[in-house]
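A look at the structure
So you can see what is in the structure, the chains are spelled out below.
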Amino acid sequence: MSTKSQILSSLKNSIKERFPMPDIQIDATTYADPLAQFISMTKSVGGKVVELQAGDDINQLIRSLYPDAKEIASSLPEITIATRNPDTTPTAQSLNGTDVGIVRGEFGVAENACVWIPQTMKERAVCFISENLVILLPKAAIVNNMHEAYRRISFNDLGYGTFISGPSKTADIAQVLVMGAQAARTLTVILIP
Amino acid sequence: MSNTAHSKAAKEFLKNQKYAKWHDQTFWSVRTKRDNMAYGLKEWEQLRETASAIKRHTLTHLDQYLDQFSTNAEKNGCIVHWAKDAAEFNEIVLSILREHNVKKMVKSKSMLTEECEMNPYLEAHGIEVVETDLGERIIQLKGQKPSHIVMPAIHLNHDDVGELFEEKLGTEKGNHDPTYLTYMARLSLRNEFLTADAGMTGGNFGIAETGDIVVCTNEGNADMSTSCPKLHIAAIGLEKVIPNYDCLAVFQRMLCRAGTGQPTTTYTSHFRKARPTAAPMHIILVDNGRSQWLSNPEHWESLKCIRCGSCMNTCPVYRRSGGYSYSYFIPGPIGINLGMLRNPKEHSGNVSACTLCLSCQTVCPVKIDLGDQIYKWRQQLPSFGTANPEKKLMSSAMSFVFNHWGIYNSALWVSPLANRIPRSIIYLPLNPWGEGHEMMQFPKQSFHSLWKKGLSH
Amino acid sequence: MKIGLFIPCYVDAVFPEVGVATYKLLTHLGLDVTYPERQTCCGQPMANAGFEDKAIPLAEKFEELFKSFDYVVAPSVSCTAFVRFNYPRLFEDKHHCVTPQKVIDVVEFLHDVVKPTSLPGKFPHKVSLHNSCHGVRELGLSSPSEQNIPPFNKIKDLLQLVEGVEVIEPERKDECCGFGGMFSIEETAVSAQMGKDKVERHIATGAEYVTGPDSSCLMHMAGVAKRQNLPIKFIHVVQILSAGL
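This structure is a prediction, so every number in the text was calculated from the model and none was measured.

Thresholds applied
- Residues numbered from 1 in each chain as written.
- Chains lettered and ligands numbered in written order.
- Predicted model: local features only at pLDDT ≥ 70, side-chain atom pairs only at ≥ 80, totals over all residues.
- Heavy atoms only, no water.
- Axes fitted to C-alpha atoms, helices over the stretch in contact; angles between N-to-C directions.
- Helix = DSSP H or I, 4+ residues; strand = E, 2+ residues; numbered from the N terminus.
- Parallel < 35°, antiparallel > 145°, perpendicular 65-115°, else oblique.
- Contact = heavy atoms within 4.5 Å.
- Nonpolar A, V, L, I, M, F, W, Y, C, P; charged D, E, K, R; others polar.
- Salt bridge = Lys/Arg side-chain N within 4 Å of Asp/Glu carboxyl O.
- Polar contact = N/O pair within 3.5 Å; in protein donor to acceptor, adjacent residues only side chain to side chain.
- Buried < 20%, exposed > 50% of the residue type's maximum accessible area, 1.4 Å probe, protein only.
- Arc of directions from axis to C-beta.
- Pairing = 2+ DSSP bridges.
- Core = buried A, V, L, I, M, F, W, Y, C linked by side-chain atoms within 4.5 Å.
- Buried area = accessible area lost by both parts, 1.4 Å probe.

**Structural notes on the packing of helix H20 (residues 389-403) of chain B against helix H21 (residues 405-414) of chain B**
Residues and elements named next belong to chain B.
- In the contact formed by H20 and H21, the axes pass within 5 Å of each other and the chain directions differ by 100°. By the angle between their directions, the pair H20 and H21 is classed as roughly perpendicular. Along the contact surface, H20 presents Phe400, Val401, Phe402 and Asn403, while H21 presents Trp405, Ile407 and Tyr408.
- When the residues that make up the contact of H20 with H21 are grouped by side-chain class, the tally is 6 nonpolar, 1 polar and no charged.

As structure tokens, then:
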């Protein structure tokens, strides 16, 4: 008998009573202004929110936010200031040293500032390896909470997606909160009209 | 009374009062942050109730959900392994690593690999294993084990870490600023991520309906561990599988709020398959006792645990004795219970490290009856041969007195005499009450005797 | 309504005044109270220590003595909770027991059943409220700090009926004081530390007294306070409620 069938039959033998699945009808918190909540939560988890005004140029805006950035990585067609492309980079490792990575978020979550980022590039390392991460997020795409979020997420064939809320952080040394543990040290969400 | 290993270790822990106070205060402040999160969601108790019911349902249909999970993971292109115990798990990991000629593996935090003692096994077989969660990395460099499941290096202060980094990472002498130290660890770990041949993650959840492995971190180290190396191995205990995204939403909302008092972890990552440029992803499902534990009528609900650590943070005994005072590698209320499931003879000493205050089960996001279970384990100690003979003697003596009205009544009558016993005798080291307390004064008359003399007239 | 007065063993031997206060208060409220004389102990100390078998004969005796009353009222939350929640387990293989449904702590009884609208006494003092664990998390005398439910505190509600009393809760309002029965003699260091921390938080409120619904917690804290020379007095809540009687 394979280990799998051994384990499954051991489980079957152990289970005395099978409990039913509960109704998952959570009376979940919603917000009068989900966007305002999303913005305030993003700030509270250490992120920054900038709004792109109609008619403004996204590349200029990012430049102005990171005037010293040398290496900019993005596979988004509207980003023309990119010096690196995670779709064509030979290896994930070669994205190391990226000052600013720019990716697209599908929607944001008001309750906790999560932004859903499905992998759309060959090397998703860009989301983590960059010193600073910029997420372009459609302003209208904000859901209230994770219940709504999980009903909305979808995957493409690359089979990976992540919710990101704020910059990488740790409090592992003496419980002192430090931004920028192993992944992006800062996070800016740019709201796109 | 003969002391348990826990009580001796706790006494040592409390000798450094300054540190002990800091430890208590630090975890209490995590508990307070958690409270603020709980109070901030009107649906909190409903979430707890639902989370508990989902776990009960899932655990009692685990055969079906595991089958569904593995089928879907395989459909996604993952290679699924089943390990019946720690030894089999370690062998599977090693064989995958050898197949891919891996010399160095980076890994994110996993209590399962601690449980299976995977790192020493792999190292003995020539594989370099690098922990990438900062806390785990610190204790790995220090050659220690975690003292808390979410904050593994909490027993070290910034000077301890600073001195360690001076020695191991060559940081500036005397610079023990946490921000600086974190940055230096980042630089060192960045190099490890870039040069590792494989990355391993645990998993907070496996999703039966989609085959996802879901990993929650604040540092982004699970994502760093899997976005550069050519191979990803994910290892989870059987109990981590849940049915679907609707269920996941409930747990995702609670895990971090309960554990650290944040509204979410920074990263909640879903791994369905390997990167296009990497080898297929391996998933190892580990039993190591779990399928047996599920048959324990009084204790199977300990398997509901989502490893948030909130029961430790709230436990007044954990906060005042530290993670290393317990004999099992998971401390605090859930650790007491899981240790007893693992090996009751070895871990019986932990069950008396509890006042039965029940804060743990009132805090637990999945409503495990942790304190009630500790009470029930105590009842079973005689069957493991680990009951404390002095406690048994005292209990028998009390039972005898209380069960014989005449003797009880005489005892009441003589008890005021205890007031006149000389202090030097009362506070002999034999009297453990006298270690921390002054003796109570017995009144001249008991309630019984007052009643007899006509309280009702 | 026939009320059986349950005076736990340690209250009987060490704190008879708490028993007297309970009796006086209940009779003052016009209730028919009887004290079954042959009662001793409910069995909690042995069971919590891991020897339920030693508690079973005591539980049987308790059931026999108290089964004919409408309510079994006790000035002790942990003993009440033990009878209510553990007796069914102790009697599991034997016979049905009725005392778990009848037993009630005096605070619960006054608050939920008798519902007095006034009390005669005065207690012109500032008191720090000790919310004993089993009162909070088993009997539901107050909303546990762990839970997001509307806040309430039955002990506080009752104390408000006494003229002059000022009730304050310490920081960490329902953290355990570290008594835990045999815990206090088995984990002496942690127990004493918890007791000291708790007493210090009570003192920090500026109160003259610590009051609570369980004399075992008060006894533990009083012992620690005396050893550490910490200046505060301890009084069972029923003694305040019965002031002047």
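From this point, things continue past the structure.
**Focus on the interface of chain C and chain B**
- Opposite the 69 residues of chain C that make contact, chain B presents 82 residues.
- Scanning the region where chain C abuts chain B turns up 9 salt bridges.
- Ionic pairing is found between Asp24(B) and Arg172(C), a salt bridge with its closest N-O pair at 3.1 Å.
- Between the two partners, chain C and chain B, sit 41 residue pairs in polar contact (both at pLDDT 80 or more).
- Looking at the side of chain C that touches chain B element by element, the count peaks at 10 residues for helix H11 (residues 188-204) of chain C.
- Looking at side-chain class alone, the side of chain C that touches chain B contains 32 nonpolar, 18 polar and 19 charged residues.

**A short note on helix H3 (residues 58-65) of chain A**
Residues and elements named next belong to chain A.
- The set of residues buried in H3 consists of Ile58, Asn59, Leu61 and Ile62. Each buried residue of H3 lies within a common arc of 160° when the element is viewed along its axis, so the set occupies one face. Opposite the buried face of H3, by more than 90 degrees, sit the exposed residues Gln60 and Ser64.
- The elements touched by buried residues of H3 are strand E1 (48-51), strand E3 (100-104), strand E6 (132-138) and strand E11 (186-192).

**Some thoughts on the environment of Cys79(C)**
Residues and elements named next belong to chain C.
- Within the fold, Cys79 resides in helix H5 (residues 77-90).
- Counting along the chain gives 28 residues from Cys79 to Phe51, while the straight-line C-alpha distance between them is 16 Å.
- If near-sequence neighbours (up to four positions away) are discounted, Cys79 is found in contact with Phe6, Pro8, Tyr10, Cys42 and Gln44.

**Quick notes on the sheet that holds strand E4 (residues 198-201) of chain B**
All names here are of chain B.
- The strand order E1-E10-E7-E4-E2-E3 describes an open sheet built from 6 strands, whose pairing is parallel. Pairing within the sheet leaves two strands with one partner each, and these edge strands are strand E1 (79-83) and strand E3 (128-131). Each neighbouring strand pair of the sheet contributes to a mean axis angle of 20°, computed without reference to strand direction.
- Sheet topology note: the strand E2 (residues 104-107)/E3 ladder contains 4 bridges and is parallel. Residue Lys104 lies in a different strand from E3, and its bridge partner there is Glu128.
- The strands touched by helix H5 (residues 86-99) within the sheet are E1, E2, E4, strand E7 (232-237) and strand E10 (282-286), with E1 carrying the most contacts at an inclination of about 150°.

**Describing the nonpolar core**
- Phe163(A), Phe205(B), Phe6(C) and Tyr87(C) are the most contacted members of the largest nonpolar core, which has 240 residues in total.
- The element best represented in this core is helix H12 (residues 245-259) of chain B, accounting for 9 residues.
- Contacts of Phe6(C), omitting those with residues within four sequence positions, involve Gln39(C), Cys42(C), Phe62(C), Phe66(C), Val72(C), Val73(C), Ala74(C), Pro75(C), Cys79(C), Val83(C) and Val103(C).

**So, the arrangement of the chains**
- Ranked by contact count, the leading pair among the 2 pairs of chains in contact consists of chains A and B.
- A gap remains between chain A and chain C, with no contact made and the closest C-alpha atoms lying 14 Å from each other.

**Here we look at the interface of chain B and chain A**
- Between chain B and chain A, the residue contacts involve 93 residues of the former and 74 residues of the latter.
- Here chain B packs against chain A, burying approximately 6,900 Å² in sum over the two surfaces, 59% of which is carbon and sulfur.
- On the chain B side of the contact with chain A, Asp63(B), Trp82(B) and Arg186(B) bury the most area, a combined 10% of that side's loss.
- Run the count over chain B and chain A and you get 9 salt bridges.
- At the junction of chain B with chain A, the criterion picks out 50 residue pairs in polar contact (both at pLDDT 80 or more).
- Here the side of chain B that touches chain A gets 10 residues from one element, more than from any other, and that element is helix H10 (residues 178-195) of chain B.
- Residue composition of the side of chain B that touches chain A, by class: 41 nonpolar, 32 polar and 20 charged.
- In terms of strand pairing, strand E8 (residues 160-164) of chain A meets strand E9 (residues 267-271) of chain B through 5 bridges, oriented antiparallel. Along E9(B), the bridge assignment pairs Thr162(A) with Ser269(B).

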